[in-house]
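Here are the chains, one letter per residue:
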Amino acid sequence: MPAPERIPAGAVTPPADPSTLLAKGELKVLGQVREASNAVLYCEISYEGESARCVYKPVAGEQPLWDFPDGNLARREVASYEISEATGWGLIPPTVLRDGPYGEGMCQLWIEGDAEEGGALLALMEDGEPGDGWKPVVLAEIAEGRTALLVHADDVRLRRLAVLDAVINNGDRKGGHLLPAGDGRLYGIDHGVTFHADDKLRTLLWGWAGEPLPAEAVEVLERLEAGLRDGTPLATRLAELVTAVELDALRARVAGLRTAGVHPAPSGEWPAIPWPPV
């Protein structure tokens, strides 16, 4: 199967109703993203005169993980999107669970990242401390006898994503999972290893660890706490996607973050940085 063609940023007009298009449209597989650890198919989707490009990840193509149930990653991607929408930040592209050419899977609107802007979000600095606008993460060995400081931008979009990751317990926030779009928005992708009941947070966005949460984040956490109560539409939807234990753990994380009022720090019980980090 061929690799997907590159779409120039801004070349495709987003559909007016992406969720309906993704849920009901006809999928045509165009290629496969070869570097992914699970099956990731690049598709065209069409419905009632509208079309777009999307990613389809069939459950049948998921590789087993020792710490997550088999055949469950697609549902966690959809659950992550539901939480993203509940925050009002819109940090994850429209995502649905549906049948496709290879069975049930996750279908997500394709976002063409802006490579130039992406290079301005993460950097390695070999000399000195990061200047204004950068947050240090970790000292990394880049060659024999050489080290560099991994930093990320002090960017409100990244900070929102760091809060979202803490809420959904994202175990794999790599640099390649950050997609700055040509319209100035930032999206996160690849949320299969999320919602575990144990602390699994692994991310490159530790630069705010221990700092007070912004006021907007506290407000979002308050809304999420209310929206996750038993019987609410969000809680009912999530109960279809993750286990009851994981839903309770999600509620506890949201309440804990709101009460603490600070960005979380690495627990020391789990590798804090994903590998590979890109």
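Residues numbered from 1 in each chain as written. Predicted model: local features only at pLDDT ≥ 70, side-chain atom pairs only at ≥ 80, totals over all residues. Heavy atoms only, no water.

A few points about the sheet that holds strand β5 (residues 103-109)
- Here 5 strands make up an open sheet; going across it, the order is β1-β2-β3-β5-β4 and the pairing antiparallel. Because the sheet does not close on itself, it has two edges, and the strands there are β1 (26-32) and β4 (95-100). Averaged over all pairs of adjacent strands, the angle between their axes in this sheet comes to 40 degrees, without regard to strand direction.
- Pairing analysis gives 5 bridges linking strand β3 (residues 50-58) to β5, with the strands arranged antiparallel. Looking at β5, one finds that C54 is bridged to L109. (Pairing = 2+ DSSP bridges. Helix = DSSP H or I, 4+ residues; strand = E, 2+ residues; numbered from the N terminus. Axes fitted to C-alpha atoms, helices over the stretch in contact; angles between N-to-C directions.)

Thoughts on the pattern of salt bridges
- Counted by the stated rule, this structure contains 18 salt bridges.
- With a shortest N-O distance of 2.8 Å, R160 and E216 are connected by a salt bridge. Of this pair, R160 sits in helix α4 (residues 156-168) while E216 sits in helix α5 (residues 215-227), placing them 56 residues apart in sequence.
- R251 serves as the salt-bridge partner of D230, at 2.9 Å between the closest nitrogen and oxygen. Taken together, the positions of D230 in the loop between α5 and α6 (233-239) and R251 in helix α7 (residues 244-260) put the pair 21 residues apart, joining distant regions of the chain. (Salt bridge = Lys/Arg side-chain N within 4 Å of Asp/Glu carboxyl O.)

Comments concerning the packing of helix α2 (residues 73-87) against α5
- Following both chains from N to C, one finds α2 and α5 inclined at 120 degrees, their axes separated by 9 Å at the closest point. One way to sum up the angle between α2 and α5 is to call them oblique. Along this stretch, α2 crosses α5, giving a crossing that reads as right-handed. Only V220, R223 and L224 of α5 make contact with α2, whose side of the interface consists of I83, A86 and T87.
- When the residues that make up the contact of α2 with α5 are grouped by side-chain class, the tally is 4 nonpolar, 1 polar and 1 charged. (Parallel < 35°, antiparallel > 145°, perpendicular 65-115°, else oblique. Left-handed = near helix turned anticlockwise from the far one by under 90°. Contact = heavy atoms within 4.5 Å. Nonpolar A, V, L, I, M, F, W, Y, C, P; charged D, E, K, R; others polar.)

None of this, on its own, says anything about what the molecule does.
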